[in-house]
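Secondary and tertiary structure notes
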Amino acid sequence: MNTKKSFDMKKFLSEYSVVVALVALFIITTCLKGTTFLNVRNILNLFLNYSIIGIIALGMTLIIITGGIDLSVGSQLAASGLLALTVLNSTGSIPLAILSAIVFGLLTGILSGVMIAKCGIPAFIVTLGTMSIYRSLSQYFFDGGGIKAAGDAKDAFIAISNTKIGGKVSMIIIYWLILCVVIGLFAAKTPTGRYIYAVGSNEKAAQLSSIPVAKIKIKTYAISGVLVALASIIEAARLGSMNSASSGSSYEMDAIAAVVIGGTSMAGGRGKILGTVLGTLTLGLINNMMNLLGVPSFLVSAVKGAIIIGAVLLQKYFDKER
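Residues numbered from 1 in each chain as written. Predicted model: local features only at pLDDT ≥ 70, side-chain atom pairs only at ≥ 80, totals over all residues. Heavy atoms only, no water.

**Focus on unusual backbone geometry**
For clarity, the cut-off: In this description a helix means any DSSP run of H or I spanning at least four residues, a strand means any run of E spanning at least two, and both kinds are numbered starting from the N terminus.
Its identity is not glycine, yet Ser210 carries a phi of approximately 65°, on the positive side. Mapped onto the elements, Ser210 comes out in the loop between helix H9 (203-208) and helix H10 (213-239). With a phi angle near 70°, Ser250 is a residue other than glycine that sits in the positive phi range. Position of Ser250 among the secondary structure elements: in the loop between strand E4 (241-243) and helix H11 (251-261).

**Some points on the environment of Asp254**
Within the fold, Asp254 resides in helix H11. When the C-alpha positions of Asp254 and Cys119 are compared, they lie 28 Å apart, and in sequence the two are 135 residues distant.

**Notes on the layout of surface pockets**
Put simply, the test is: Points on a 1 Å grid over protein atoms alone make up a cavity when a 1.4 Å probe fits among them but cannot get out, and a pocket when they form an open set with protein on both sides within 12 Å along at least five of seven lines; lining residues each have an atom within 4 Å of a point. Grid points are joined across faces, edges and corners, and a volume is the space filled by probe spheres set on the points.
Roughly 220 Å³ of volume is contained in the second largest pocket. Elements with a contribution of two residues or more to the lining of the second largest pocket: helix H2 (40-65), H10, H11, helix H12 (273-292) and helix H13 (300-321). In terms of residues, the lining of the second largest pocket owes the most to one element, H2, which gives 4 residues.

**Observations concerning the packing of aromatic side chains**
In plain terms, the rule: Pairing of aromatic side chains here covers Phe, Tyr and the six-membered ring of Trp, requires ring centres within 6.5 Å, and sorts the geometry by plane angle: under 30 degrees stacked, over 60 edge-to-face, intermediate tilted. Relative accessibility under 20% of the residue-type maximum defines a buried residue, over 50% an exposed one, and the middle range a partly exposed one, all with a 1.4 Å probe and only protein chains included.
If you walk through the whole model with that rule in mind, you get 3 aromatic pairs. Where Phe47 meets Trp176, the ring centres are 6.3 Å apart and the plane angle is 55°; that geometry is what we call tilted. Placement of the pair is Phe47 in helix H2 and Trp176 in helix H7 (residues 171-189), with a sequence separation of 129 residues. Given a relative accessible area of 26%, Phe47 falls into the partly exposed group. Ring centres 5.2 Å apart and planes at 75° place the aromatic pair Tyr140 and Phe141 in the edge-to-face group. Here Tyr140 and Phe141 have matching classes, each one exposed.

**Some thoughts on helix H3 (residues 73-91)**
Going by this rule: The length a helix should cover is 1.5 Å for every residue beyond the first.
With 19 residues, H3 extends 27 Å between its outermost C-alpha atoms, agreeing within 8% with the 27 Å of an ideal straight helix rising 1.5 Å per residue. By the criterion of burial, H3 is predominantly enclosed, with 14 of the 19 residues buried.

**Focus on the nonpolar core**
We count it as follows: Only buried Ala, Val, Leu, Ile, Met, Phe, Trp, Tyr and Cys residues count toward a nonpolar core, and they belong to the same one when joined by side-chain atoms within 4.5 Å. Should any heavy atoms of two residues lie within 4.5 Å, those residues are counted as being in contact.
Counting 82 residues, the largest nonpolar core has Ile52, Ile56, Leu77, Leu85, Leu88 and Phe157 as its most contacted members. Broken down by element, this core gets its largest block of residues, 14 residues, from H2. Every residue in contact with Leu85, bar those within four places of it in the chain, is listed here: Ile147, Ala149, Phe157, Ala236, Ser241 and Met242.

Given below as structure tokens:
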């Protein structure tokens, strides 16, 4: 009896399309801009420039797996960072500044989760509203401007993100990789992680199985809020400042793009943290390639939008084939 299974190309592409895309882009960019692209400094910059988006995308992955969405992460990052710098400049305490941002992220995440899970308001509407609220209030309290790190604690705070291991590898990359492992293990190995997949796969079936659906959704948005807060601290430390109008702008688009490219289904119930990591790198590689080739910056967002649409169309195609 022949026990060998024939190679299923569609199944392979369905599971590993992001890997195929990443390898293809890597080869193309190497062929076009070999020595410039393969420069160690350029590769490290690629990781560095998308580490913040990568952290936000981890929380976005969990939310999308539940069947939700969060459009407020960019505005939330700006508000968290502005709060952290305000506390830092007022008290001179780095731990207090970090704690204030994390508490803010946790509370805003819980607020969104409650409105979605308990009040039954669609996630798109809730987060569209909070996106406008956070950005508007930030601009109101800071007169449309921003704030810079100051005082005796300034240098120590900036060192959080600007310290480099071996003089080359930024701590921002290390933070992202650590969080990837933590959230990856959480999603794959904990009961809450498994419940997140169950809720996204079939919410009614999850309720009948005694899974606390509302609590799981609230927890998911709370976790995402904390991750956004951590990203805001890292961003504020990297730049030494935050701006109420521009900080975090379009981060929600990049995070969603990274998640979708990584293979997480917009319908919920399917996705992997590793896929999001690879999706983030793919997005960073596309941006890096466009910069190296001299493509006008005005077209970058158009390309990202096309990528999101293309990735969703591929998902629908493979889902239909299944």
